[in-house]
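Working through the structure, step by step
Spelled out from the first residue to the last, the chains are:
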Amino acid sequence: MTGELSPIDRAKFVAAKRAADMVEDGMRVGLGTGSTAAWLVRCLGEMVRDEGLKIQGVPTSTRTAALAREVGIEVVSLDQAGWLDITIDGADEFDGDLNLIKGGGGALLQEKIVATASDQMVVIADAGKEVETLGAYPLPVEVIPFGWQTTRKLIEETLVSMDVLGRSAALRMNGDAPFVTDEGNHILDLHLQRIGNPRQLALVLNQVPGVVENGLFIDICDRVVIGFGDGRVEVRDINEGTIEHDRVDMAENDNLFTDLAD
Ligand SMILES: O=C[C@H](O)[C@H](O)[C@H](O)COP(=O)(O)O
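None of these values were measured; they are calculated from a predicted model. (Residues numbered from 1 in each chain as written. Predicted model: local features only at pLDDT ≥ 70, side-chain atom pairs only at ≥ 80, totals over all residues.)

1. Regarding the overall build of the chain
Test applied: Helix and strand definitions follow DSSP, with helices as H or I runs of at least four residues and strands as E runs of at least two, each counted in order from the N terminus. The quantity called the radius of gyration is restricted to C-alpha atoms. Its globule counterpart is 2.2 Å times the number of residues to the power 0.38. Labels follow a simple rule on C-beta atoms placed from the backbone: if 20 or more others lie within 10 Å of a residue's own, it is buried; if 12 or fewer, it is exposed; otherwise it is partly exposed. Contact definition: two residues whose C-beta atoms, as placed from backbone geometry, lie within 7 Å.
Helix and strand counts for the chain stand at eight helices and 17 strands. In terms of C-alpha radius of gyration, the chain reaches 18 Å, essentially the compact-globule figure of 18 Å for 262 residues. Reported as C-alpha extents along the three principal axes, the dimensions of the chain are approximately 55 × 35 × 35 Å. Among the 262 residues that make up the chain, the fraction classed as buried is 47%. Across the chain, the fraction of contacts at a sequence separation of at least 24, relative to all contacts at a separation of at least 6, is 73%.

Listed below in structure tokens is the structure:
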């Protein structure tokens, strides 16, 4: 059955499965958003049901909250949890320093708040998400709806002074209407091609009035679990400077993978 699913899905699954093993009984866990994080939530749900794992999950979007409840994870708010042991989330891009672009699904604001309120953040990703320099993936910036066109103009003017190639900021759409985030805001996707100084850009963007948050995660991620379509996983720890190679046995997990995919 696994053969019928794409190598990318298998890569996402094995990364999520390996990261789920980092979650221990009693932990308060930040639950990311997106297709990779959805695999993680399903894997954790399976551990809650079949192995009696006891965790509290803090979701980073209404979508993730709904899925977590569906699979039987106890859902609490960030304020109820106070502080988290671990957050596991996907990413749109990561570089060698484990700096990230996130927000392709529009959940960057809650994701950044939750990841920052965690002892450790683990990113799960297929190998295609790794880049030498961030920026090929459009950088999402969450802006309040009031005066968003003025905010866009200010952002574009700001980009002129930065070490970036592209300077266009596109309003993300959902059909004919602007996309609306869980917080009722809009997203501007910055087509930059290459971000020379992501740390500086992250700081500068947040100085623009109307900007709520940007999708650059700098010095937030501690570990990345990279999944491959053949079941291999690589775990990189930026603090320890270690790289571990592992394998999730797809034959052993065939039922789980197939059940979860249903
Ligand atoms: O807003 C969405 C999140 O930042 C996602 O974690 C990110 O877009 C990666 O999503 P996926 O795992 O679907 O590629």
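Now that the structure has been shown, we can carry on.
2. Observations regarding the packing of helix α1 (residues 7-20) against helix α2 (residues 35-51)
Let me state the cut-off plainly: Working convention: axes come from line fits to C-alpha atoms, limited for helices to the stretch in contact. Angles between N-to-C directions cover 0 to 180 degrees. Roughly parallel means an angle under 35 degrees; roughly antiparallel means over 145; roughly perpendicular covers 65 to 115; every other angle is labelled oblique. Two helices that cross are described as forming a left-handed crossing if the nearer one is turned anticlockwise from the farther one by less than a right angle, and a right-handed crossing if clockwise.
Where α1 meets α2, the axes come as close as 8 Å, and the angle between the chain directions of the two elements is 45°. Considering the angle they form, α1 stands oblique to α2. Crossing handedness for the pair α1 and α2: right-handed. Residues Lys12, Phe13, Ala15, Ala16, Lys17, Ala19 and Ala20 of α1 pack against Ser35, Thr36, Trp39, Leu40, Cys43, Leu44 and Met47 of α2.

3. Structural notes on the domain arrangement of the chain
Stated formally: The split of the chain into domains comes from an automatic or database domain assignment. All amino acids are sorted into three groups, where Ala, Val, Leu, Ile, Met, Phe, Trp, Tyr, Cys and Pro are nonpolar, Asp, Glu, Lys and Arg are charged, and the leftover types, Gly among them, are polar.
Examined at the domain level, the chain breaks down into domain 1 (2-130 + 219-261) and domain 2 (139-215). A straight line from the C-alpha centre of domain 1 to that of domain 2 covers 26 Å. The interface of domain 1 with domain 2 comprises 13 residues on the first partner and twelve residues on the second. In terms of residues, the side of domain 1 that touches domain 2 owes the most to one element, helix α5 (residues 108-116), which gives four residues. A per-class count over the side of domain 1 that touches domain 2 returns four nonpolar, seven polar and two charged.

4. Some thoughts on the UniProt feature "active site" (unreviewed entry) in the chain
Applied cut-off: UniProt positions are given in the numbering used here, feature names are shortened, and annotations may be inferred rather than shown by experiment.
The UniProt record marks Glu111 with the feature "active site" (unreviewed entry), using the residue numbering of this structure. By the secondary structure assignment, Glu111 is in helix α5. Judged by the 32 C-beta atoms lying within 10 Å of it, Glu111 is buried. Residues in contact with Glu111, not counting those within four places in the same chain, are Gly32, Thr33, Thr60, Asp89 and Lys102.

5. Here's the deal with the sheet that holds strand β17 (residues 242-247)
This is how it is decided: Pairing between strands is defined by DSSP: at least two bridges between them are needed.
Strand order across the open sheet formed by eight strands is β3-β2-β1-β4-β7-β15-β16-β17, with mixed pairing between neighbours. Looking at the sheet topology across the chains shown, the edges are occupied by β3 (74-75) and β17. For strand β1 (residues 28-31) and strand β2 (residues 56-59), the ladder comprises four bridges, and the chain directions are parallel. Note on β2: the bridge partner recorded for Gly30 is Val58. This element, α1, spans β4 (86-89), β7 (121-126), β15 (223-227), β16 (232-237) and β17 of the sheet and lies at about 160° to β7. Strand contacts of α2: β1, β4 and β7, with the helix running at about 115° to β7, the strand carrying the most contacts.

6. Observations concerning the nonpolar core
Threshold: Structurally, a nonpolar core is described as a collection of buried Ala, Val, Leu, Ile, Met, Phe, Trp, Tyr and Cys residues joined by way of C-beta atoms within 7 Å.
Ranked by size, the top nonpolar core spans 65 residues in total, and within it Ala15, Leu40, Val123 and Ile124 carry the most contacts. For this core, the domains that each give at least three residues are domain 1 (2-130 + 219-261) and domain 2 (139-215). The residues touching Ala15, leaving out its near neighbours within four places in the chain, are Thr36, Ile124, Ala125, Asp126, Val225, Ile226, Gly227 and Val233.

7. Some details on the site of the ligand
Here is the rule: Each residue receives a C-beta atom placed from its backbone. It is near a molecule or strand if this atom lies within 6 Å of it.
Around the ligand, the surrounding shell holds 18 residues, and the nearest of these are Gly34, Thr36, Gly90, Gly104 and Gly105. Sorting the residues of the shell around the ligand by element identifies α2 and α5 as the ones contributing at least two each. It is α2 that provides the largest number of residues to the shell around the ligand, a total of three residues.

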